[in-house]
Amino acid sequence: MAEPGPAVRRRSRPARKRSRAPVQLRAAASPLACKRLSPSVEEASAEPPVWAAGGECTNDSEEDMFGDYDSFYGNDSLLAQVDDMEQVYLQDKDMDIKAAGEFMLGNLQSGTDQRKQSDFSTSENAAGHKAERDDGFQMNENDLIDNKEEPGDFILEDLPSSQFLYLEEMDELSSASRKSAGMERIDNYMNSCLDKISSPSFCHVAEHREGNTEFPMVSKCDLSKRESLKDHLKSAMTGNAKAQTPLVSKTKQLKEAILSEEICVARKTIESSSDDIGPFYGLPSKVKDLLRQFRGIETLYEWQHDCLTLESLHQRKNLIYSLPTSGGKTLVAEILILQELLCRQKDVLMILPYVAIVQEKVWGLSSFGVELGFLVEEYAGSKGRFPPIKRRIKNSLYIATIEKGHALVNSLIETERIDHLGLVVVDELHMLGEGSRGAVLEMTLAKILYTSKNTQIIGMSATLNNVGDLQKFLQADYYTNNFRPVELKEYIKIRDTIYEVDGKAENGFTFSRLLSFKYSSNLEKADPDHIIALVTEVIPKYSCLIFCPTKKNCENVASMVCKYLNKEFRAHREKEKKDLIKNLKTIGNGSICPVLKHTIPFGIAYHHSGLTNDERKSIEEAYSAGVLCLLACTATLAAGVNLPARRVILRAPYVAREFLKKNQYKQMIGRAGRAGIDSAGESILIVQEKDKQLVQDLVNSPLENCYSNLLPEFTKGIQSLLLSLVGLKNLSSPSYLHLFNQLSAAEQRVADIVGVPESFITKKASGQAIRKNMDSAIINRLYLSFVLYTLLKETNVWSVSEKFNMSRGYVQSLLTSAASFASCVLHFCEELEEFWVYKALLTELTKQLTYCVKAELIPLMEVAGVLEARAKQLYNAGYKTLAHLANANPETLVKMIEHLSRCQAKQIVSSAKMLLSEKAEALQEEVDELLRMPADIPGAC
């Protein structure tokens, strides 16, 4: 029976705070007894551990055995006790190795049962070391559970560097005792502990018994190189005290490392060819949710999926794709735009043909920008900065007209930022072949192709023919499909007979049916083309569009149809029609077009450029909501906003006085059939006998080719850009010159300065002969200047149009052109320091021309979709600033603002948030620029 070990008690001292966190060895008899370091600072316990018989220590608190000591140099009583115990054990020849082992393992193995063997053989000891070596220094699972520690804190790297080196040294010293073969594995926990402590005391015990043949391994210990346990403890504790204690746990460090690795992987993924950051065509699933929320789109068409997964897109090649109108081309472009903004973190330019379409697209995509964290910037009319603000964090989607897109690209090239533009999307690509605007578009694309090899170009159109030539120009691949979500049936009407267009027929169409509607003699005279019969087959249950050759014809057709409709049509959604009339009166400051006042109660209106922006917006919304069921419109609607119908009627195969082109015809009839609403779409072209052959050629001919207009239209195009304000018209009739007399003396002097003296005006007004010829262009410019000047003073389009005998649509068009031209001149003056005074003048003038409202309404009208009438409503309701709108509750807006739908309210709030974010980013850019240290500071390294 082994003798019990002496009872050792640690001197109790009151716990006190340390000036720095001590390095703690938890429940260990030596520095090697534990290969982990707790990062937290623990208060020492006042209860001393008690050594049990056989050398076991009962210490349930797992406290640090050195925890109460500030320094082993300051109080060495513990070291003295350890040294005394070591000498006692070395002098005792009959000491059992098991007792010595239990003495050294006491704190690590609290509560472990006594071994039945009286000693360990050399082979058993070596086997235990080998088993631990094979286990890769892993701790026993029970050890983890008993100690209730996180695995991350047990990792070897948590040890201070001094203790780690000491472990390696002890491992080398005891390596000779680990090489015996033919041994059996002892209990995992005991073997683990034996290897961890690698106790020098064992070497001392073995050294004392060197002569005993029962322990042959003892002779391998080098006595001259051994140190006492006291020296080892001193060395380890000194190293621990000097080592820097980690301030965070290993678990936290591990989590940070994992996060860093995930970010690194994400960046590598974004830089890879796949550019996937989510399951929806490389986009986050949130994009799919937003499409469902904002657009009601659940799934994509098959062709859209095929197009989005084209290899050419993954290789970032340029692409042209063509499908019939209403096929869903725009959605594909929008997904590609989101991929560029979110996945590749590049800016995008989207070029659209008309201001109205730009505004509609800005309105529609602002909600996506707010939710997904990118900016939507409008470049139309006078809006847009040149060069655009260089954003610090968010990327920008520039939505621009053809002319503004060209100016934007020029500014990016000039500032060497064209490579920041990752994608350019061109809608209605066939406009490359349409006069001066086509020349401007061609210049824009040519510059991008020449200056940036990293910018991808995507072009789309419903009417392309010579695609091969366009492919060569744009260095692009091509995708096409004949898909339409709703079947389209084309018809031709000659007299009272309807023929169906059939490409297989000899003359291009076959007999379909006779009109069943019976006309009276009076009605036959009023409506010889049987328009009333054609529209009453579908309205008011379904919608209908009538394309007319001229604006005046639109108004006449709308009035004529209403004159012969039954009064039952007035009852259909009567309240909403009254609200629409009331809204139009508000827009016109109490005035409303008499034609609209007469036709709207029947659910009918006209739509052309003679309407103001506010009027046009209200009519479009009413038609989309089904309040209006019939629109008489010009051809511009076909290429403008998306207003589909169950039936499309072409009043005549003419646009103004020119015969219809095939691509114009295709665009008009493409409006027939609304996806998700109509099961089919119908188009009817009304043909007179004299035009029958021309119409046969029209339906059987291919689409027109798209040719370059850059060379033949270059001079004309430049003139069009520079003289967009003038819009030369024959407006200088003397019945108008009496306006000159209403000018003040200062204003009349301005006329004299520009080259129109008072004497000329007086003679012209009185009908006297004028010997000196005057340049009509100068007179026209002066006249248009009078119109604009009056507009700025009165800010009422209706009153100005009546005063100058112009249509209100033309007056507003003039205002838009003037604002756009002023914006161009302002940009020119910004580039030349000598013109600083004009810059200050034009900045405010451009704003006034853009909005033509009182100053307090301008901040509200900067929001996409908010026009003058809506701005007045919002201002009167207390929403007087952009911040008010950005933080508004859509439900509250619906309750407070008349004729505002929930959808419109949400769009207004989203647009306001987007604009506010843009302004905040711009201000932050200015702050960063001011605080940025100049690179050319004298004397700086």
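Residues numbered from 1 in each chain as written. Predicted model: local features only at pLDDT ≥ 70, side-chain atom pairs only at ≥ 80, totals over all residues. Heavy atoms only, no water.

The name an unreviewed UniProt entry assigns to the chain is Helicase POLQ-like isoform X5, from the organism Apteryx mantelli.

*Asks:* Help me understand the overall build of the chain in this model?
*Replies:* Within the chain one finds 38 helices and 19 strands. Across the 941 residues of the chain, 49% fall into the buried class. Nonlocal contacts in the chain, meaning residues at least 24 apart in sequence, comprise 72% of its contacts between residues at least 6 apart. Carbon and sulfur atoms form 52% of the exposed surface of the chain, whose accessible area is close to 46,900 Å². (Helix = DSSP H or I, 4+ residues; strand = E, 2+ residues; numbered from the N terminus. Buried < 20%, exposed > 50% of the residue type's maximum accessible area, 1.4 Å probe, protein only. Contact = heavy atoms within 4.5 Å. Areas by Shrake-Rupley, 256 points an atom, 1.4 Å probe, with all protein chains shown as cover.)

*Asks:* Looking at this model, I keep getting lost on unusual backbone geometry. Mind explaining?
*Replies:* Only a minority of non-glycine residues have a phi that is not negative, and only a minority of peptide bonds are not trans. With omega at -10 degrees, the peptide bond leading from Phe386 into Pro387 counts as cis. Topologically, Pro387 is positioned in the loop between strand 5 (375-379) and strand 6 (396-400). Backbone torsion omega between Ile539 and Pro540 reads 0 degrees, so that peptide bond is classified as cis. Assignment of secondary structure puts Pro540 in the loop between helix 19 (531-535) and strand 13 (544-547). In this model, Ser326 sits at a positive phi of 75 degrees, which is unusual for a non-glycine residue. Its identity as a non-glycine residue notwithstanding, Gln475 has a phi of 55 degrees, on the positive side.

*Asks:* Is there a simple way to explain a nonpolar patch on the surface in this structure?
*Replies:* A grouping of Trp836, Val837, Tyr838 and Leu841 is seen on the molecular surface, where their side chains present a nonpolar patch of about 480 Å² in accessible area. Tracing the chain through its elements places Tyr838 in helix 33 (residues 836-851). (Patch = residues over 30% accessible without salt bridge, like charges linked within 9 Å, V, L, I, M, F, W, Y side chains within 5 Å. Salt bridge = Lys/Arg side-chain N within 4 Å of Asp/Glu carboxyl O.)

*Asks:* What exactly am I supposed to notice about the packing of helix 32 (residues 808-831) against helix 33 here?
*Replies:* Two quantities define a packed helix pair, namely the angle between the helix axes and the distance between the axes. Close contact between helix 32 and helix 33 brings their axes to 9 Å; oriented N to C, the two are set at 160 degrees. Considering their axes alone, helix 32 and helix 33 lie roughly antiparallel with respect to each other. Both helix 32 and helix 33 take part in a crossing whose hand is left-handed. Mapping the contact onto sequence places Leu815, Ala818, Ala819, Ala822, Ser823, Val825, Leu826, Cys829 and Glu830 in helix 32 and Tyr838, Lys839, Leu842, Thr843, Thr846, Leu849 and Thr850 in helix 33. Its residues placed into classes, the contact of helix 32 with helix 33 shows 10 nonpolar, 4 polar and 2 charged. (Axes fitted to C-alpha atoms, helices over the stretch in contact; angles between N-to-C directions. Parallel < 35°, antiparallel > 145°, perpendicular 65-115°, else oblique. Left-handed = near helix turned anticlockwise from the far one by under 90°. Nonpolar A, V, L, I, M, F, W, Y, C, P; charged D, E, K, R; others polar.)

*Asks:* Sorry, what's going on with the packing of helix 15 (residues 402-414) against helix 16 (residues 435-451) here?
*Replies:* Contact geometry of helix 15 with helix 16 gives a least axis separation of 9 Å together with a crossing angle of 25 degrees. Considered as vectors, helix 15 and helix 16 are oriented roughly parallel to each other. For helix 15 against helix 16, the interelement crossing comes out left-handed. Contacts from Ile402, Glu403, Gly405, His406, Val409, Asn410 and Ile413 in helix 15 reach Arg437, Val440, Leu441, Met443, Thr444, Lys447, Ile448 and Thr451 in helix 16.

*Asks:* What is the right way to read helix 32 from this model?
*Replies:* In an α-helix, one full turn covers 3.6 residues, which means residues spaced three or four apart are oriented alike. For helix 32, with 24 residues, the first-to-last C-alpha span of 35 Å sits near the 34 Å given by 1.5 Å per residue. Within the sequence span of helix 32, burial applies to Arg808, Gly809, Val811, Gln812, Leu814, Leu815, Ala818, Ala819, Ala822, Ser823, Leu826 and Cys829. Residues of helix 32 that are buried make contact with helix 15, strand 14 (604-607), helix 24 (613-624), helix 30 (776-794), helix 31 (797-803) and helix 33. (Expected span 1.5 Å × (residues − 1).)

*Asks:* Honestly, the packing of aromatic side chains in this entry has me stumped. Any pointers?
*Replies:* How two aromatic rings sit relative to each other is given by the distance of their centres and the angle of their planes. In the structure shown here, the tally under the stated rule is 12 aromatic pairs. An angle of 50 degrees between the planes, with centres 4.6 Å apart, marks the rings of Tyr301 and Phe483 as tilted. You can see Tyr301 sitting in the loop between helix 10 (285-295) and helix 11 (302-308) and its partner Phe483 sitting in the loop between strand 9 (476-480) and strand 10 (487-494), a full 182 residues away along the chain. For Phe483, a relative accessible area of 26% gives the class partly exposed. A network of ring pairs unites the aromatic residues Trp303, Tyr321 and Tyr479 as a single cluster. Above the face of the Phe602 ring, Arg570 is positioned so that its terminal group lies 5.2 Å from the ring centre. The residue whose ring lies beneath Arg646 is Tyr542, and the NZ or CZ to ring-centre distance is 4.3 Å. (Phe/Tyr/Trp six-rings, centres within 6.5 Å; stacked < 30°, edge-to-face > 60°. Lys NZ or Arg CZ within 6 Å of the ring centre and 35° of its normal.)

*Asks:* What's the story with the pairing of strand 14 in this structure? I'm lost.
*Replies:* Both faces of the sheet carry side chains from a regular strand, because those side chains alternate between them. Burial along strand 14 is two-sided: the face carrying Ile604 and Tyr606 and the face carrying Ala605 and His607 are both buried. Here strand 14 pairs with strand 15 (residues 630-633) via 4 bridges, running parallel. Counted as the bridge partner of His607 is Cys633 from strand 15. Regarding topology, helix 24 serves as the crossover connection from strand 14 to the parallel strand 15, and that connection is right-handed. (Pairing = 2+ DSSP bridges. Right-handed = clockwise from strand over helix to strand, strands pointing away.)

*Asks:* What is the right way to read the pattern of salt bridges from this model?
*Replies:* Where side chains of opposite charge bring their charged atoms close, a pairing between them can arise. Tallying each qualifying case throughout the model produces 26 salt bridges. A salt bridge links Arg437 to Glu403, with the shortest nitrogen-to-oxygen separation between them at 2.9 Å. Within this pair, whereas Arg437 is found in helix 16, its partner Glu403 is found in helix 15, the two being separated by 34 residues in sequence. Classification of Arg437 by relative accessible area gives partly exposed; the value is 22%. Notably, a salt bridge pairs Lys578 with Glu574, separated by 3.9 Å at the nearest N-O pair. Note that Lys578 and Glu574 are positioned in helix 22 (residues 574-587) at a spacing of 4 residues, about one turn of the helix. When salt bridges with common partners are traced through the structure, they connect Arg513, Glu537, Arg647 and Glu682 into a single cluster.

*Asks:* I keep staring at the sheet that holds strand 6 and nothing clicks. Help me out?
*Replies:* Remark on secondary structure: sheet strands pair via backbone hydrogen bonds, oriented parallel or antiparallel. Read across the sheet, 7 strands follow the order 5-6-4-7-8-3-9 without closing on themselves; strand pairing throughout is parallel. Of all the strands in the sheet, the pair left with one neighbour each is strand 5 and strand 9. Strand-to-strand twist of the sheet, defined as the mean angle between neighbouring strand axes without regard to direction, takes the value 15 degrees. Taken together, the 4 bridges between strand 4 (residues 347-351) and strand 6 define a ladder with parallel strand orientation. Bridge pairing in strand 6 places Val348 opposite Leu397.

*Asks:* Teacher, can you tell me more about the side chain of Glu428 here?
*Replies:* By secondary structure assignment, the location of Glu428 is in the loop between strand 7 (421-427) and helix 16. Leave out the neighbours within four places in its chain, and Glu428 touches Pro353, Met460, Ser461 and Gln667.

*Asks:* Explain the environment of Lys575 here, please?
*Replies:* Turning to its location among the elements, Lys575 is positioned in helix 22. In sequence terms Lys575 and Val627 are 52 residues apart; their C-alpha atoms lie 9.5 Å from each other.

*Asks:* Would you take a moment to explain the sheet that holds strand 16 (residues 647-650) for this structure?
*Replies:* Overall, mixed pairing links the 8 strands, which are arranged 12-11-10-19-16-13-15-14 in an open sheet. Sheet topology places strand 12 (509-514) and strand 14 at the edges, where each strand pairs with a single neighbour. Between one strand axis and the next, the sheet turns by 25 degrees as a mean value, whatever way the strands run. Two strands pair when backbone bridges link them, and strand 13 and strand 16 are joined in this way by 4 bridges, in the parallel orientation. Pairing of Ile546 across the sheet is with Ile649, part of strand 16. Contacts from helix 26 (residues 692-700) reach strand 10, strand 11 (497-501), strand 12 and strand 19 (680-687), with the element oriented near 145 degrees to strand 19.

*Asks:* Whenever I open this one, helix 24 confuses me. Can you help?
*Replies:* Taking 1.5 Å per residue, 12 residues should reach 16 Å; helix 24 reaches 16 Å between its end C-alpha atoms and fits that length. Taken as a whole, helix 24 has its buried residues at Asp614, Glu615, Arg616, Ser618, Ile619, Glu620, Ala622 and Tyr623. Just beyond helix 24, the residue with positive phi is Gly626, at close to 90 degrees.

*Asks:* I keep staring at the side chain of Asn553 and nothing clicks. Help me out?
*Replies:* By the secondary structure assignment, Asn553 is in helix 20 (residues 551-563). Since its relative accessible area comes to 19%, Asn553 is described here as buried. Not counting residues within four places of it along the chain, the set of residues in contact with Asn553 comprises Cys548 and Arg651.

*Asks:* Explanation requested: the pairing of strand 16 in the structure shown.
*Replies:* Of the two faces of strand 16, the one holding Arg647 and Ile649 and the one holding Val648 and Leu650 are both buried throughout. Across 4 bridges, strand 16 lies against strand 19 in parallel orientation. Bridging across to strand 19, Ile649 finds its partner in Ile684.

*Asks:* Would you take a moment to explain the confidence of the model for the chain for this structure?
*Replies:* Do not read the fine detail of predicted coordinates wherever pLDDT is low. Confidence in the prediction of the chain, expressed as mean pLDDT, is 74, and 66% of residues score 70 or more. Low confidence marks residues 97-166, where pLDDT is under 50. Its contacts with residues over four positions away, or in another chain, come to 156 contacts. (pLDDT = per-residue confidence, 0-100.)

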